[in-house]
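Structural characterization, general
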Amino acid sequence: MQPSKEREASDGDPMDDLDDLLDDDLAEGGDPSTSDEADSRAERNESAGRAAETGGDGGRVGTSGRWFSAKAFALALAAVAIGVFVGGAIPLIGGTIGSAGGVFLAAFLIGLALSARRYVETGLAGAAAGALVAVTNVLGVGFLPIGFDYLQQWGLPLLAVGGGVGLVAALLGHYFGRDLRAGLTADVEG
């Protein structure tokens, strides 16, 4: 093992080690331990290791992770729940269409407000809301035993369709919110 690899392995994140090994294998020519790219990568890994030791957000999954953040998920879940409630309460539109619009609007606002990409958290919140709205709409229509019988026969496809609609609405809303944020924060040339 190269000396730079020994330093990188000490930070405790096996995914960084795997990423570095793959980068080294794919690099064209030369010794990667002496290149500027390897040096900057080693500095990033050391700083990530220090951040993880001091309780910073150096992890990928957790309270403030890079891939999944529990804080962002809780925020997205609360915003989507409020959006579903408000969208479902709109007269003449309400119901399923209003709830889907509420998911879209909540995800749009999350994308506009947060500086980091949070597609996973927003998508999961939207899918959960869509599945819940689909089930409650079936149970809220007509006589309750008929709704339970319908759920026994068509429950899983209903959850899949409702979750899929919620997922798509949330991802599109988050994408358009991030796009607007990028346009608002970009420097104007001229």
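This is a predicted model, so every value here is computed, not measured.

The rules behind these values
Residues numbered from 1 in each chain as written. Predicted model: local features only at pLDDT ≥ 70, side-chain atom pairs only at ≥ 80, totals over all residues. Heavy atoms only, no water. Buried < 20%, exposed > 50% of the residue type's maximum accessible area, 1.4 Å probe, protein only. Phe/Tyr/Trp six-rings, centres within 6.5 Å; stacked < 30°, edge-to-face > 60°. Helix = DSSP H or I, 4+ residues; strand = E, 2+ residues; numbered from the N terminus. pLDDT = per-residue confidence, 0-100. Contact = heavy atoms within 4.5 Å. Core = buried A, V, L, I, M, F, W, Y, C linked by side-chain atoms within 4.5 Å.

1. Description of unusual backbone geometry
One non-glycine residue, L92, adopts positive backbone phi at about 70 degrees. Relative accessible area serves as the criterion here: at 93%, L92 is assigned to the exposed category.

2. Looking at the packing of aromatic side chains
Within the structure shown, the criterion is met by 3 aromatic pairs. When the centroid spacing of 6.4 Å and the interplanar angle of 55 degrees are considered together, the rings of F104 and F176 count as tilted. Here F104 is found in helix α5 (residues 95-113), whereas its partner F176 is found in helix α7 (residues 144-185), with 72 residues between them in sequence. Overall, F176 belongs to the partly exposed group, its relative accessible area being 38%. With centroids separated by 5.4 Å and ring planes inclined at 65 degrees, the aromatic side chains of Y175 and F176 adopt a geometry described as edge-to-face. Judged by its relative accessible area of 43%, Y175 is partly exposed. Three or more aromatic residues link up through ring pairs in this structure, and these residues are F104, Y175 and F176.

3. Re the confidence of the model for the chain
Residue-level pLDDT values for the chain average 76, and 65% of them are 70 or greater. In the predicted structure, residues 5-10 sits below a pLDDT of 50 and forms 12 contacts with residues beyond four places in sequence or in another chain. In the predicted structure, residues 28-35 sits below a pLDDT of 50 and forms 8 contacts with residues beyond four places in sequence or in another chain.

4. Here's the deal with the nonpolar core
Counting 12 residues, the largest nonpolar core consists of A76, V80, V84, V103, A106, A107, I110, A125, A129, V133, A169 and A170. Where this core is concerned, the elements lending two or more residues are α4 (70-88), α5, α6 (119-139) and α7. Ranked by residues supplied to this core, first place goes to α5 with 4 residues. Dropping the residues within four chain positions of it, V103 is found in contact with V80, V84, G126, A129, G166, A169 and A170. Core analysis: the second largest hydrophobic core is formed by 5 residues, A134, V135, L151 and L158 among them.

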